[in-house]
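Geometric and topological summary
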Amino acid sequence: MDYRLTIHGSQRKLARVPVWRIIKLDSIFFVSAFMVQQEAHSCPTHRIEPNARGVLHHAFARTLEQAAVTSRRII
């Protein structure tokens, strides 16, 4: 299976199979996890918003940044 990341209309091929499916709209993330039994599109999706004391939003932002840096541009 081929996993891709789209950033500002440019597609990139991921170096590794993702654990999370992350959709970013403005500053809000919608996340679900890839599981052995089912793919991310059939798993529950969670809304993660930034907040002053939380680290989860920051962790997903870093995950997206890392995926962009380690991916290879294909289009």
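Data block above holds the structure.
Notes on helix α1 (residues 56-70)
Look at α1: 21 Å from first C-alpha to last across 15 residues, which is about the 21 Å you get at 1.5 Å a residue. Taken as a whole, α1 has its buried residues at H57, F60, A67 and A68. Here the buried residues of α1 occupy an arc of 100° about the axis, which is enough to place them on one side. Facing away from the buried side of α1 by over 90 degrees, the exposed positions are H58, R62, E65 and V69. Buried residues along α1 sit against β1 (4-7), β2 (10-13), β3 (20-25), β4 (28-33) and β5 (46-48).

Quick notes on the sheet that holds strand β6 (residues 72-73)
Judged by pairing direction, the sheet is antiparallel, and its 3 strands sit side by side in the order β1-β2-β6 without closing on themselves. In this open sheet, the two strands that pair with only one neighbour each are β1 and β6. Direction of pairing for β1 relative to β2: antiparallel, over a ladder of 4 bridges. Paired with R4 across the bridge in β2 is K13. Of the strands in this sheet, β1, β2 and β6 touch α1, which is tilted by about 105° from β1.

How each quantity is defined
Residues numbered from 1 in each chain as written. Predicted model: local features only at pLDDT ≥ 70, side-chain atom pairs only at ≥ 80, totals over all residues. Heavy atoms only, no water. Helix = DSSP H or I, 4+ residues; strand = E, 2+ residues; numbered from the N terminus. Expected span 1.5 Å × (residues − 1). Buried < 20%, exposed > 50% of the residue type's maximum accessible area, 1.4 Å probe, protein only. Arc of directions from axis to C-beta. Contact = heavy atoms within 4.5 Å. Pairing = 2+ DSSP bridges. Axes fitted to C-alpha atoms, helices over the stretch in contact; angles between N-to-C directions.

Remember that the coordinates give geometry; whether it matters functionally is a separate question.
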